[in-house]
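Per-entry structural report
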Amino acid sequence: MNPLFKKPVYVSKPLLPPLKDYFNRLQSIWDSEWLTNNGEQHQEFEKRLADYLEVPYVSLFSNGTTALTVAYKSLHLTGEVITTPFTFPATPYSLSWIGLKPVFCDIDLKTMNIDANRIESLITKETSAILGVHVFGVPCEVKKIESIAKKYNLKVIYDAAHAFGVKVNGKPIGSFGDISMMSLHATKLFHTAEGGALLFKSEESKKRADLIKNFGIETEDLVSEVGINGKMSELQAALGLTVLEQVKGELKRRETLTKVYRNLLRGIKGIEFIEEIEGVQLNHQYFPIRINEKVFGRSRDYVYSKLRENNVYARRYFYPLCSNFPFYKKSDSSRSELKAAETVSEQTLILPLYGELTEKDIDMICNIIIREKNGAN
Ligand SMILES: Cc1ncc(COP(=O)(O)O)c(C=O)c1O
């Protein structure tokens, strides 16, 4: 059988700025002979990113996973942290690596984020924080989470890996919780190849994270705590500065393409997707759909394999569910019922979405899916 697409179409494609722009910045790095440790590119990028994201303070990291662990350490978290199982493994791993216990809470079927109504029942005397993930760029119930945290004196951290540029009622996503983390991995809307950032409200919090990510070295004479190497290099920061110039255009293109997907798939029984949300400015990081086999007539995995036969590499994020990883399944991290998360994990498929895709590409992708439904009847 001839695949519909001649070349593989992946879920994302890294946003690549004109090479000469990057080269100009590389030239400055070469001239300065300074490759890492808070150089000129790093300082400029930190400021420009804080401006773009409309947050007072940013700290740059070599990747998002390290940034998360540093956030927990800087907030002195202990014991248990309540989080979602419907996420990338880095979310619970970043806790486990520093001896914190993830406690999985079920999710909301509609937003696919941690269900704020279920958080309180999981709080014990060991709980020190709530770790929400704005999955696929859809914001968590930030107000409800804030009030629970206040009532029980818990910290709130947001894994905003997918939420670059998202706003809730005009407020930037990084303004919620004690600390938010953005992943700047190549698969993200905005990236530095590998990279991450923590977003803070206070200078003091930033200073603490900056200290921990640089081995806990305060001065040449004083090393005040156990730190780690989480620093972003000049090469990554320079890439970030050049990609930042392109991101608004990319966002616009993704917005248009998202509308094309929605128009083609709206009304197909058994397929659901995220529509506009009142008061929320989305970033179109992904285009996830949910396939209800009973209604659609074909399973998510069947559609996934048909797309693959046609060179379309849709992804089953997030499957398997983190709570089903053998080491978490047999621990009391998975102590509560996670029915909604199980369902969503079995139904979700991420379709390709990036600025270089054409409307015709999307039409062809949707045709493969719709044809399967018709075939099933
Ligand atoms: C939800 C989520 N959290 C954390 C991460 C980890 O980020 P990084 O790959 O930058 O370490 C990712 C990964 O890409 C992610 O999707």
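Since this is a predicted model, take the numbers as computed values, not measurements. (Residues numbered from 1 in each chain as written. Predicted model: local features only at pLDDT ≥ 70, side-chain atom pairs only at ≥ 80, totals over all residues. Heavy atoms only, no water.)

A short note on the pairing of strand β9 (residues 179-183)
- For β9, the buried fraction is high: 5 of the 5 residues fall into the buried class.
- What you see with β9 is no split at all: Ile-179, Met-181 and Ser-183 on one side and Ser-180 and Met-182 on the other are buried throughout.
- Where strand β6 (residues 155-159) lies against β9, 3 bridges are found, and the strand directions are parallel. Bridged to Asp-159 within β9 is Met-181. (Buried < 20%, exposed > 50% of the residue type's maximum accessible area, 1.4 Å probe, protein only. Helix = DSSP H or I, 4+ residues; strand = E, 2+ residues; numbered from the N terminus. Pairing = 2+ DSSP bridges.)

Section: the site of the ligand
- Residues in contact with the ligand amount to 15 residues; listed here are only the nearest, Gly-64, Thr-65, Asp-159, Ser-183 and Lys-188.
- Between an oxygen atom of the ligand and a side-chain N or O atom of Thr-65, the distance comes to 2.6 Å.
- Within the side chain of Lys-188, an N or O atom sits 2.6 Å from an oxygen atom of the ligand.
- For the ligand, the protein covers 92% of the area, taking 390 Å² as the surface of the free molecule.
- Listing elements by their share of the shell around the ligand, those giving two or more residues are α3 (64-74), α4 (90-96) and β9.
- Of the residues belonging to the shell around the ligand, the class tally is 5 nonpolar, 8 polar and 2 charged. (Near = heavy atom within 4 Å. Polar contact = N/O pair within 3.5 Å; in protein donor to acceptor, adjacent residues only side chain to side chain. Areas by Shrake-Rupley, 256 points an atom, 1.4 Å probe, with all protein chains shown as cover. Nonpolar A, V, L, I, M, F, W, Y, C, P; charged D, E, K, R; others polar.)

Re the nonpolar core
- Core analysis: the biggest nonpolar cluster contains 74 residues, and Leu-49 and Ile-119 have the highest contact counts within it.
- Of the residues that make up this core, three or more belong to each of domain 1 (19-244) and domain 2 (248-376).
- When sequence neighbours within four positions are dropped, the list of residues in contact with Leu-49 reads Val-58, Leu-60, Phe-164, Leu-184, Phe-190, Ala-197 and Leu-244.
- Counting 30 residues, the second largest nonpolar core, distinct from the first, contains Ile-289, Ile-291, Phe-296 and Ile-362. (Core = buried A, V, L, I, M, F, W, Y, C linked by side-chain atoms within 4.5 Å. Domains from an automatic or database assignment. Contact = heavy atoms within 4.5 Å.)

Some words on the packing of aromatic side chains
- The final tally for this structure, using the stated rule, is 18 aromatic pairs.
- Centroid distance Tyr-317 to Phe-318: 5.5 Å. Interplanar angle 20°. Geometry classified as stacked.
- According to the relative accessible area criterion, Tyr-317 is buried, its value standing at 17%.
- Of the residues examined, Phe-318 reaches a relative accessible area of 6% and is grouped as buried.
- Aromatic pair Phe-325 and Phe-327: ring centres 5.9 Å apart, planes at 55°, arrangement tilted. (Phe/Tyr/Trp six-rings, centres within 6.5 Å; stacked < 30°, edge-to-face > 60°.)

Focus on the domain arrangement of the protein chain
- The domain boundaries assigned to the protein chain delineate domain 1 (19-244) and domain 2 (248-376).
- Placing the centre of domain 1 and that of domain 2 at their C-alpha centroids yields a distance of 25 Å.
- Of the residues lining the interface, 38 residues belong to domain 1; the matching set on domain 2 comes to 37 residues.
- Summing both partners gives a buried area of about 3200 Å² for domain 1 against domain 2, and 64% of it is carried by carbon and sulfur.
- If you sort the residues of domain 1 by the area they bury against domain 2, Phe-104, Phe-136 and Leu-189 come out on top, with a joint share of 22%.
- Our count for the domain 1 to domain 2 interface comes out at 2 salt bridges.
- For Asp-332, the salt bridge identified is with Lys-101, shortest N-O distance 2.9 Å.
- The tally of links from domain 1 across to domain 2 stands at 18 residue pairs in polar contact (both at pLDDT 80 or more).
- Listing elements by their share of the side of domain 1 that touches domain 2, those giving two or more residues are α4, β4 (101-104) and β7 (167-168).
- Here the element with the most residues in the side of domain 1 that touches domain 2 is β4; it accounts for 4 residues. (Buried area = accessible area lost by both parts, 1.4 Å probe. Salt bridge = Lys/Arg side-chain N within 4 Å of Asp/Glu carboxyl O.)

Things to note about helix α13 (residues 339-347)
- Residues of α13 that are buried include every one of Ala-340, Ala-341, Val-344, Ser-345 and Gln-347, and no others.
- At its buried positions, α13 is contacted by β13 (287-291), α11 (300-309) and β15 (348-351).

Here's the deal with the environment of Lys-206
- Topologically, Lys-206 is positioned in helix α7 (residues 203-213).
- According to the relative accessible area criterion, Lys-206 is buried, its value standing at 13%.
- For the pair Lys-206 and Glu-44, spaced 162 residues apart in sequence, the C-alpha to C-alpha distance is 16 Å.
- Apart from the residues lying within four places of it in its own chain, the contact partners of Lys-206 are Glu-46, Tyr-57, Val-58, Ser-59 and Phe-200.

Re the pattern of salt bridges
- Scanning all chains against the criterion turns up 30 salt bridges.
- The shortest N-O distance in the salt bridge between Glu-275 and Arg-262 comes to 3.9 Å. You can see Glu-275 sitting in the loop between β11 (271-273) and β12 (280-281) and its partner Arg-262 sitting in helix α9 (residues 247-265), a full 13 residues away along the chain.
- The partly exposed category is assigned to Glu-275, whose relative accessible area is 31%.
- Assessed through its relative accessible area of 5%, Arg-262 is described here as buried.
- Note that Asp-301 is salt-bridged to Arg-316, the shortest N-O span being 3.4 Å. Of this pair, Asp-301 sits in helix α11 while Arg-316 sits in the loop between β14 (312-313) and α12 (326-329), and the two are 15 residues apart along the sequence.
- Its relative accessible area of 33% is what places Asp-301 among the partly exposed residues.
- The exposure class assigned to Arg-316 is partly exposed, which follows from its relative accessible area of 24%.
- Among the ionic contacts, a cluster of salt bridges with common partners joins Arg-25, Glu-44, Arg-48 and Glu-245.

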